[in-house]
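# Architecture at a glance
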Amino acid sequence: SLKSKTAVVTGSTSGIGLAIARGLARDGANVVINGFGEPDAIEKARAGVESEFGVRAVHSPADMTKPDEIDAMIALAVETFGSVDVLVNNAGIQYVSPIEEFPPAQWEKIIALNLSAVFYAMRAAIPHMKKAGWGRIISTASAHSLVASPFKSAYVAAKHGVAGLTKTAALELATHKITVNCISPGYVWTPLVEAQIPDTMKSRGMTKEQVINDVLLAAQPTKEFVTVDQVAALAVFLCSDAASNVTGANLSMDGGWTAG
Ligand code: NAD
């Protein structure tokens, strides 16, 4: 159990991150929730974690593209709960466009959020984990950390980077009882997936139904979306003692996508 431990989950006001934060709280952890959204919705999610799971939860509004705000988020966790035992790097965005039309500002933002933020959060959290003599670092990578799809250059580059950074950190921390892994989901039905459908319709000249069946689920042999709760269950497992020798791994949960 994660009782009396502290988990920081980036991008946890929505989708996969919120499910992971709730899963870790269910296992007893106090959590720092992070991400954007309507203040009322964020407060509802935060208060829900506290009342449903009997733990404490605070929200950090840190923008993960800004290293100083990442430091402030880790500091908030330490000030509020006394430690950072579990770091889940989950915040991420997508942008769909051919390379020659890909706006450089979008490239920079995706690299900053989906890749560099993982480095900055590790950098800030690792000293606390070393001091405690225990830690778990989990990043939400993607099937796109292993294979590519056209029109997702920045995302695929960033996610491949997360997989490499995960391996490096795992080796550096191997003797400190700190494991470092990434989870690589296929398509999970979340606002992120829903939001990219219009651009994919435009890039490929398809209807919404064609994008869902011929693009998204075409890659996924099970023909089902992964659920956020399934991803959360794997994250909870990675925090357990049973997973103490799982480190440097890139764990696929993609309905068979990357088997093909
Ligand atoms: P989502 O859009 O539902 O949630 C993204 C979260 O990140 C939100 O809480 C949002 O507020 C937060 N966020 C966005 N920009 C931020 C910033 N600058 N600073 C801090 N927080 C920020 O997305 P999701 O589908 O749950 O995706 C979560 C992660 O899972 C991402 O890294 C994504 O790449 C990855 N992933 C998603 C899928 C999928 O199919 N949904 C598949 C593989 C990997």
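Rules used throughout
- Residues numbered from 1 in each chain as written.
- Predicted model: local features only at pLDDT ≥ 70, side-chain atom pairs only at ≥ 80, totals over all residues.
- Helix = DSSP H or I, 4+ residues; strand = E, 2+ residues; numbered from the N terminus.
- Rg over C-alpha atoms; globule rule 2.2 N^0.38 Å.
- Buried ≥ 20, exposed ≤ 12 C-beta atoms within 10 Å, placed from the backbone.
- Contact = placed C-beta atoms within 7 Å.
- Expected span 1.5 Å × (residues − 1).
- Bend = angle between axes of the 7 residues up to and from the residue.
- Near = placed C-beta within 6 Å.
- Nonpolar A, V, L, I, M, F, W, Y, C, P; charged D, E, K, R; others polar.
- pLDDT = per-residue confidence, 0-100.
- Axes fitted to C-alpha atoms, helices over the stretch in contact; angles between N-to-C directions.
- Parallel < 35°, antiparallel > 145°, perpendicular 65-115°, else oblique.
- Left-handed = near helix turned anticlockwise from the far one by under 90°.
- Pairing = 2+ DSSP bridges.

### Focus on the overall build of the protein chain
When helices and strands are counted, the protein chain shows eight helices and seven strands. Over its C-alpha trace the protein chain gives a radius of gyration of 18 Å, about what one expects of a compact globule, namely 18 Å for 260 residues. If you line up the protein chain on its principal axes, its C-alpha atoms span 50 × 40 × 35 Å. Residue burial in the protein chain is summarised as follows: out of 260 residues, 45% are buried. For the protein chain, restricting intrachain contacts to residue pairs at least 6 apart in sequence, the fraction spanning at least 24 positions comes to 74%.

### Quick look at helix α4 (residues 104–132)
Relative to the 42 Å expected for 29 residues at 1.5 Å per residue, α4 spans 41 Å between its end C-alpha atoms, a close match to the ideal helical length. Along α4, the helix axis deviates most sharply at Ser116, where the bend reaches about 45 degrees. Two residues or fewer after α4 comes Gly133, characterised by a positive phi angle close to 75 degrees.

### Brief notes about the site of the ligand
Neighbouring the ligand are 29 residues; Gly11, Gly15, Gly35, Gly92 and Leu192 lie closest to it. Listed by contribution, the elements that provide at least two residues to the shell around the ligand are α1 (15–26) and α6 (191–204). Grouping the constituent residues of the shell around the ligand by class yields twelve nonpolar, 16 polar and one charged.

### Notes on the confidence of the model for the protein chain
Of all residues in the protein chain, 100% attain a pLDDT of 70 or more, and the chain-wide mean is 97. Across the interface, the model reports ipTM at 0.99; the global pTM reads 0.96.

### Considerations on α6
Compared with the 20 Å implied by 1.5 Å per residue over 14 residues, the 20 Å span of α6 between its first and last C-alpha is a close match. Positioned one or two residues after α6, Gly205 has a phi angle of 65 degrees, which is positive.

### With respect to unusual backbone geometry
In terms of backbone geometry, most residues other than glycine have negative phi values and most peptide bonds are trans. Positive phi values are uncommon outside glycine, yet Lys177 reaches one of about 60 degrees. Despite not being glycine, Lys223 shows a phi value in the positive range, around 60 degrees. Positionally, Lys223 belongs in the loop between α7 (208–216) and α8 (228–238).

### Let's talk about the packing of α1 against α8
As a packed pair, α1 and α8 sit with axes 8 Å apart at the nearest point and diverge in direction by 45 degrees. Comparing their axes, α8 and α1 come out oblique. Where α1 crosses over α8, the handedness of that crossing is right-handed. Residues Gly15, Ile16, Ala19, Ile20, Arg22, Gly23 and Leu24 of α1 form the contact with α8, whose own contacting residues are Val228, Asp229, Val231, Ala232, Ala233, Ala235 and Val236.

### Observations regarding the pairing of strand β6 (residues 178–185)
Here β6 lies mainly inside the structure; eight of its eight residues are buried. Neither face of β6 is left uncovered, since the one carrying Ile178, Val180, Cys182 and Ser184 and the one carrying Thr179, Asn181, Ile183 and Pro185 both have all their residues buried. In this structure, strand β5 (residues 135–140) lies alongside β6, joined through six bridges in parallel fashion. Counterpart to Gly135 in the pairing with β6 is Ile178.

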